[in-house]
Amino acid sequence: MSTSPTHDPENPGLTRRQINLAILGVMTGLLLSALDQTVVSTALPSIVSDLGGLEHLAWVVTAYLLTSMASTPIWGKVSDQFGRRIVFITATSVFLVGSALCGLAQDITQLIGARAVQGLGAGALYALALAVIADVVPSRERGRYQGMVAGVFGIATLAGPLIGGGLVDAAGWRWIFLINVPLGLISLMITVSALKVATERRSHTVDYLGAALVIGATTPLLLYLSWAGEERGWTDPVSLALLAASVVLTVALVLVERRAAEPVVPMTLFRIRLFALGSLYSLIAGLALFTGIIFLPVYFQAVKGMSPFVAGLAVVPTMIGVGFASIYAGNRMTATGKYKIFPVLGAAVLAVALLPLAWLTADTPNWMVIALGVLFGVGAGLTLQPIITAVQGVVPRADIGAATAAVSFFQRVGSAVGVALLGAVLNARFSSLLTERLSGSGVTLDRSALGSVDTIQELPQPQYDLVTGAYAEALATVFLVVVPFAVVALVLALLMPESEVTPEATDKEPASVSEDAG
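Please read all numbers here as calculations on a predicted model, not as lab measurements.

1. A closer look at a nonpolar patch on the surface
Working step 1: Taken together, the side chains of Trp175, Ile179, Leu183 and Ile186 define a hydrophobic patch exposed on the protein surface, amounting to about 330 Å² of accessible area.
Working step 2: Tracing the chain through its elements places leucine 183 in helix H7 (residues 180–194).
Working step 3: Assessed through its relative accessible area of 35%, leucine 183 is described here as partly exposed.

Have a look at this one:
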């Protein structure tokens, strides 16, 4: 095959332009997935006003979480078997079909079904973006590119409410879904033209039972977290039955995957110390990371009285901290080949940022909360990506997709557990504090008026001060609860072995371009 003079000297099979185009394509898909997780929350009031079905509103979020989380490890393994390019194209197409169906939904039931389809495709986009980088970029340089990916993910996650609020105000809620279609088509065009990586031709055994058990083990857990706690209580018999089903199916998954010819989740990977500790770190850190992303905007809106758009502006500095730290960590990993310092620093910075947030009050100056948000963002940026880069350097090349998807899966589980657990803590603490403050105050309050941020802002004095004070203290409790998790993540990071990111691994070199690539 003829070569261009712009070929990368460390990877003669790919030109620098081909690498950049391939990564641009997958990063566009990643951007869509990351934005979609947070943009929708801003549009939920408008969706209910248009479609009705308030009692089913939680399923608009839950359906997406269920299918995206359960499908992540499956997409990763399938991409190892059949090639990253065709699987990424397929997943993006599924995501776009789901997005179009969401935008065209005529009732809440149709929207929930469409969100499930959308989540099915989204489950692949983040993990495959990282696996594609492992395919096309020399291992020593992966940190730089994956730092950029983490920066995009962090920025998109935090910018979601801001963008969602603007789209809803300007064009209506349907466009938060429909806008994905043209952007996704651009991503597909770039990916089809640039991501042409040679794939080893070999026979495959599809692990259908393992795939079914991944979905089976994940679904009741998410139902328990997102539905049981609010509607039935955490110890209700139905809730406990869901939790027990998840445990039983998880045990069955482990037993099946130990014997499968080509398992969706290779159990042999857990014999690698870095992979095992890194997966657990991702689970714990995922819980801590999403605390700031979810609850800082809530503080600005519910306690400080900001609109969703202004609250989005208030977290822009946090967003900048995420992006800066992610890119910095990626560049330093590329320059030094060392990764361990970043998860250690990330967990430590998260703990340092969370401690002052545990003393939030309604009177805390905005500048102080924003400054702590920046510090939190730096910790998140240092934590998001280095583990995946390091894991990709120690697993066999044939398992890169499965390993990347597994670490991503654990991070998603951690975030889902965190949102559910901390949401329960927030509600319980707020209710307790409000009862305590109302007792003996002589103030009466209709608690049905506390169903939204808007109704809280309309409360007269002194009810308003009582409610916002209690809410601020409840949020402070949430941040305090997360501190031990950040400390556990720090301990796990310290226990990890240092693994140099080098280009000399015998079975982990970047793939070469296929004959039709150029």
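Moving on, there is more to tell.
2. Some thoughts on helix H13 (residues 341–357)
Working step 1: With 17 residues, H13 should reach 24 Å at 1.5 Å per residue; the first-to-last C-alpha distance of 25 Å fits that figure.
Working step 2: Considered for burial, the residues of H13 that qualify are Phe342, Pro343, Val344, Gly346, Ala347, Val349, Leu350, Ala351, Ala353, Leu354 and Leu357.

3. Quick look at helix H3 (residues 84–104)
Working step 1: Its 21 residues give H3 an end-to-end C-alpha distance of 30 Å, which sits within 8% of 30 Å, the value for a rise of 1.5 Å per residue.
Working step 2: Within the span of H3, buried status applies to Arg84, Val87, Phe88, Ile89, Ala91, Thr92, Phe95, Leu96, Gly98, Ser99, Cys102 and Gly103.

4. Focus on the packing of aromatic side chains
Working step 1: Going through the model one piece at a time under the given rule, you end up with six aromatic pairs.
Working step 2: With a centroid separation of 6.3 Å and 90° between ring planes, the pair formed by phenylalanine 270 and phenylalanine 410 is classed as edge-to-face. Of this pair, phenylalanine 270 sits in the loop between helix H9 (237–259) and helix H10 (273–303) while phenylalanine 410 sits in helix H16 (residues 400–438), and the two are 140 residues apart along the sequence.
Working step 3: Residue phenylalanine 270 is classed as partly exposed on the basis of its relative accessible area of 30%.

5. Notes on the environment of proline 497
Working step 1: Relative to the elements of secondary structure, proline 497 occurs in the segment after helix H18 (463–495).
Working step 2: Separated by 158 residues in sequence, proline 497 and tyrosine 339 place their C-alpha atoms 9.8 Å apart.
Working step 3: Residues contacting proline 497, with those up to four places away along its chain left out, are Arg273, Leu274, Leu277 and Tyr339.

6. Let's talk about the confidence of the model for the chain
Should pLDDT be low for a region, the predicted coordinates there are not to be read in detail.
Working step 1: Looking at the chain as a whole, the pLDDT averages 76, with 77% of positions reaching at least 70.
Working step 2: The weakest mean pLDDT in the chain belongs to strand S1 (residues 7–8) at 41; the strongest belongs to H13 at 92.
Working step 3: Long-range and interchain partners of residues 1–12, a stretch whose pLDDT sits below 50, account for 24 contacts in this model, where long-range means more than four residues apart.

7. Considering the side chain of threonine 468
Working step 1: Residue placement: threonine 468 occurs in helix H18.
Working step 2: Residue classification places threonine 468 among the buried residues on the basis of a relative accessible area of 3%.
Working step 3: A polar atom in the side chain of threonine 468 sits 2.9 Å from the backbone oxygen of tyrosine 464.
Working step 4: Not counting chain neighbours up to four residues away, the residues in contact with threonine 468 comprise Ala302, Val303, Ala362 and Ile456.

Cut-offs used in this document
Residues numbered from 1 in each chain as written. Predicted model: local features only at pLDDT ≥ 70, side-chain atom pairs only at ≥ 80, totals over all residues. Heavy atoms only, no water. Patch = residues over 30% accessible without salt bridge, like charges linked within 9 Å, V, L, I, M, F, W, Y side chains within 5 Å. Areas by Shrake-Rupley, 256 points an atom, 1.4 Å probe, with all protein chains shown as cover. Salt bridge = Lys/Arg side-chain N within 4 Å of Asp/Glu carboxyl O. Helix = DSSP H or I, 4+ residues; strand = E, 2+ residues; numbered from the N terminus. Buried < 20%, exposed > 50% of the residue type's maximum accessible area, 1.4 Å probe, protein only. Expected span 1.5 Å × (residues − 1). Phe/Tyr/Trp six-rings, centres within 6.5 Å; stacked < 30°, edge-to-face > 60°. Contact = heavy atoms within 4.5 Å. pLDDT = per-residue confidence, 0-100. Polar contact = N/O pair within 3.5 Å; in protein donor to acceptor, adjacent residues only side chain to side chain.

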